[in-house]
Amino acid sequence: MNGGTRQGIDLTRVLHAPQRRVFAAWTSSEDFAAWYGGEADVPLDRVSMDVRPGGTWSLVIVMPGVEMPFHGVYREVSEPDGLVFTLKDGSAPEDAEGETVTVTFTDLGRSTTELAFQQRGGNLTAEQYAAAEDGWEAFFDALAARLATHP
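Heads up: these notes are all about the structure in this document. (Residues numbered from 1 in each chain as written. Predicted model: local features only at pLDDT ≥ 70, side-chain atom pairs only at ≥ 80, totals over all residues. Heavy atoms only, no water.)

## Topic: the overall build of the protein
Now for step 1: Regarding its fold elements, the protein presents three helices and seven strands.
Now for step 2: Each helix and strand of the protein, placed in order from N terminus to C terminus, yields the pattern β-α-α-β-β-β-β-β-β-α.
Now for step 3: For a compact globule of 151 residues, the expected C-alpha radius of gyration is about 15 Å, and the protein comes in at 15 Å, within 12% of that figure.
Now for step 4: Over its C-alpha atoms, taken along the principal directions, the protein stretches across nearly 40 × 35 × 30 Å.
Now for step 5: The buried share of the protein, taken over its 151 residues, is 40%.
Now for step 6: Here the protein displays about 7,800 Å² of accessible surface, and carbon together with sulfur accounts for 50% of that area.
Now for step 7: With 11 positive and 23 negative side-chain charges, the protein shows a separation of 5 Å between the mean positions of the two kinds. (Helix = DSSP H or I, 4+ residues; strand = E, 2+ residues; numbered from the N terminus. Rg over C-alpha atoms; globule rule 2.2 N^0.38 Å. Buried < 20%, exposed > 50% of the residue type's maximum accessible area, 1.4 Å probe, protein only. Areas by Shrake-Rupley, 256 points an atom, 1.4 Å probe, with all protein chains shown as cover. Lys, Arg positive; Asp, Glu negative; His and termini not counted. Charge placed at Lys NZ, Arg CZ, Asp CG, Glu CD.)

## Digging into a nonpolar patch on the surface
Now for step 1: A cluster of nonpolar side chains, Met63, Val66 and Met68, forms an exposed patch at the surface whose accessible area comes to about 200 Å².
Now for step 2: Along the chain, Met68 turns up in strand 4 (residues 66-78).
Now for step 3: Residue classification places Met68 among the partly exposed positions, given a relative accessible area of 30%. (Patch = residues over 30% accessible without salt bridge, like charges linked within 9 Å, V, L, I, M, F, W, Y side chains within 5 Å. Salt bridge = Lys/Arg side-chain N within 4 Å of Asp/Glu carboxyl O.)

## Overview of helix 1 (residues 19-27)
Now for step 1: Within helix 1, seven of the nine residues are buried, leaving the element largely enclosed by the surrounding structure.
Now for step 2: Turning to helix 1, its buried residues are Gln19, Arg21, Val22, Phe23, Ala25, Trp26 and Thr27.

## A look at the environment of Glu133
Now for step 1: Here Glu133 lies in helix 3 (residues 126-149).
Now for step 2: Judged by relative accessible area, which is 22%, Glu133 ranks as partly exposed.
Now for step 3: Sequence-wise, Glu133 and Pro53 are 80 residues apart; in three dimensions their C-alpha atoms are separated by 25 Å.
Now for step 4: With residues near it in sequence (within four places) discarded, Glu133 still touches Arg6, Ile9 and Leu11. (Contact = heavy atoms within 4.5 Å.)

## Digging into the packing of aromatic side chains
Now for step 1: The full count for this structure, using the stated rule, is 22 aromatic pairs.
Now for step 2: Considering the side-chain rings of Phe32 and Trp35, the 5.2 Å spacing of their centres and the 90 degrees angle between planes classify their relative orientation as edge-to-face. Residue Phe32 and its partner Trp35 are located together in helix 2 (residues 29-35), separated by three residues, close to a single helical turn. Neither residue differs from the other here; Phe32 and Trp35 are each classed as buried.
Now for step 3: For the ring pair Tyr36 and Phe139, a centre distance of 4.7 Å and an interplane angle of 45 degrees mean the geometry is tilted. Taken as a pair, Tyr36 in the loop between helix 2 and strand 2 (48-49) and Phe139 in helix 3 lie far apart in primary sequence, 103 residues in all. With respect to class, Tyr36 is no different from Phe139; both count as buried. (Phe/Tyr/Trp six-rings, centres within 6.5 Å; stacked < 30°, edge-to-face > 60°.)

## Quick notes on the nonpolar core
Now for step 1: Trp26, Trp35, Tyr36, Trp57, Trp136 and Phe140 are the most contacted members of the largest nonpolar core, which has 36 residues in total.
Now for step 2: In terms of residue count, helix 3 provides more of this core than any other element does, seven residues in total. (Core = buried A, V, L, I, M, F, W, Y, C linked by side-chain atoms within 4.5 Å.)

## Observations regarding the pattern of salt bridges
Now for step 1: Tallying each qualifying case throughout the model produces nine salt bridges.
Now for step 2: Between Asp141 and Arg13 there is a salt bridge; the shortest N-O distance is 2.9 Å. Taken as a pair, Asp141 in helix 3 and Arg13 in strand 1 (residues 8-15) lie far apart in primary sequence, 128 residues in all.
Now for step 3: Among the ionic pairs, Asp31 bridges to Arg146, the shortest N-O distance being 2.8 Å. Of this pair, Asp31 sits in helix 2 while Arg146 sits in helix 3, placing them 115 residues apart in sequence.
Now for step 4: When its relative accessible area of 17% is taken as the criterion, Arg146 is described as buried.
Now for step 5: Residues participating in the shared-partner salt-bridge network are Arg13, Glu137 and Asp141.

Listed below in structure tokens is the structure:
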């Protein structure tokens, strides 16, 4: 990217798990902690999820010498079709809305689900969006591994 006008992230991934299982992986504390953060550790006691419109979520990714808190508010919860929630990290101003994440889970049959991910907000630079996209790709690799080992 040439420092341009990037406004967000769009990713699509086909997961080898039923739609309801993929939804659960985004809404169960145990599952979410297992894949959010990729290879980094997310202690279960540092995860909070109130999965309903207006409910809040938070977690802390813990790496040697650094903690990275994330939090937001659920805007829409449509089981098993998807979620809309806000996303802020520890550096976001308290009054900032944060980024908006929309995830849609489409049943492709044969226990496969298409995950369509969109992050919008315009709060990040093009370089920050590129880094965040790399992060989400790693998270989705961890999600696929979690679904394979915990069907």
